Amino acid sequence: MPLVYNELHRLAHHYMLGERRGHLLQTSALVNEVYLQLIDAREVRWQDRAHFFAISANLMRQLLVHFARSRDSQKRGGLYRQVSLEESAVMAPHGDADLLELDDALTALAEIDPRKAKVVELRFFGGLSLEEIAEVLKSSVNIVWRDWDMANLGCTGK
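Residues numbered from 1 in each chain as written. Predicted model: local features only at pLDDT ≥ 70, side-chain atom pairs only at ≥ 80, totals over all residues. Heavy atoms only, no water.

## Looking at the nonpolar core
Working step 1: By size, the foremost hydrophobic cluster in this structure holds 40 residues, and its most contacted members are L8, L30, V34 and F125.
Working step 2: For this core, the secondary-structure elements that each account for two or more residues are helix 1 (2-16), helix 2 (27-40), helix 3 (49-71), helix 5 (96-112), helix 6 (114-124), helix 7 (130-137) and helix 8 (141-156).
Working step 3: Sort the elements by how many residues they give to this core and helix 3 lands first, with 12 residues.
Working step 4: Leave out the neighbours within four places in its chain, and V34 touches L8, L59, M60 and L63. (Core = buried A, V, L, I, M, F, W, Y, C linked by side-chain atoms within 4.5 Å. Buried < 20%, exposed > 50% of the residue type's maximum accessible area, 1.4 Å probe, protein only. Helix = DSSP H or I, 4+ residues; strand = E, 2+ residues; numbered from the N terminus. Contact = heavy atoms within 4.5 Å.)

## Some words on the packing of aromatic side chains
Working step 1: A full pass over the atoms with the stated rule returns 0 aromatic pairs.
Working step 2: The residue whose ring lies beneath R123 is W148, and the NZ or CZ to ring-centre distance is 5.1 Å. (Phe/Tyr/Trp six-rings, centres within 6.5 Å; stacked < 30°, edge-to-face > 60°. Lys NZ or Arg CZ within 6 Å of the ring centre and 35° of its normal.)

## Side note on helix 2
Working step 1: Taking 1.5 Å per residue, 14 residues should reach 20 Å; helix 2 reaches 20 Å between its end C-alpha atoms and fits that length.
Working step 2: When we look at burial in helix 2, the residues that qualify are T27, L30, V31, V34, Y35 and L38. Projected down its long axis, helix 2 carries its buried residues within an arc of 130°, all on one side. (Expected span 1.5 Å × (residues − 1). Arc of directions from axis to C-beta.)

## Structural notes on the packing of helix 6 against helix 7
Working step 1: Between helix 6 and helix 7, the least distance of the axes is 10 Å, while the angle of their chain directions is 130°. In terms of axis orientation, helix 6 runs oblique to helix 7. Of the two possible hands of crossing, helix 6 and helix 7 adopt the one that is right-handed. In contact with R115, K118, V119, L122 and R123 of helix 6, helix 7 contributes L130, I133, V136 and L137.
Working step 2: Tallied by class, residues from the contact of helix 6 with helix 7 come to 6 nonpolar, no polar and 3 charged. (Axes fitted to C-alpha atoms, helices over the stretch in contact; angles between N-to-C directions. Parallel < 35°, antiparallel > 145°, perpendicular 65-115°, else oblique. Left-handed = near helix turned anticlockwise from the far one by under 90°. Nonpolar A, V, L, I, M, F, W, Y, C, P; charged D, E, K, R; others polar.)

## Some words on unusual backbone geometry
Working step 1: Its identity is not glycine, yet K138 carries a phi of approximately 55°, on the positive side.
Working step 2: Residue position: K138 is located in the loop between helix 7 and helix 8.

## Let's talk about helix 6
Working step 1: Most of helix 6 is tucked away, with 8 of its 11 residues classed as buried.
Working step 2: Within helix 6 the residues assigned to the buried category are K116, A117, V119, V120, E121, L122, R123 and F124.

## What about the environment of A134?
Working step 1: For A134, the location among the structural elements is in helix 7.
Working step 2: Placed 15 residues apart in sequence, A134 and V119 show a C-alpha to C-alpha distance of 8.7 Å.

## Let's talk about the pattern of salt bridges
Working step 1: In total, this model carries 7 salt bridges according to the counting rule given.
Working step 2: D103 is the partner of R61 in a salt bridge, and the nearest nitrogen-oxygen pair spans 2.7 Å. With R61 in helix 3 and D103 in helix 5, this pair connects stretches of sequence that are 42 residues apart.
Working step 3: Residue R61 is classed as buried on the basis of its relative accessible area of 13%.
Working step 4: Residue D103 is classed as buried on the basis of its relative accessible area, which comes to 9%.
Working step 5: The shortest N-O distance in the salt bridge between K116 and D113 comes to 2.6 Å. Each of the two residues, K116 as well as D113, counts as buried. (Salt bridge = Lys/Arg side-chain N within 4 Å of Asp/Glu carboxyl O.)

Written out as structure tokens, the structure is:
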């Protein structure tokens, strides 16, 4: 379990570096929440390290989106701001609204192309490299790079 906790901490720390100063959710709190959910996931048949990363990234996404929604209970209306996935990948500081927009975009993308949505989720929330994502998805790095590039083009409108 210490190894799992250390991996979770590394993932959470990578993501939390991009949060604004004064963000109320701390890295250790995010790690603890994900850790507790992983321990309670008795039905999960752990396959390998890649499977762990995929589930952890998804749990972090769910927790962070839930936290952002609870903080941003106001209606957002139609004032959406486009955020390039490349900007997100370098973990530029972002607010709750950006996180919610990314979650909405990922949900919409998953309806059209679930694999591209998973690539973005693993890259953004899991902090995984393209090589690690290829391992998780049991795909080639070229396909993952192409998915990442296409998702980014769709987001920026290029």
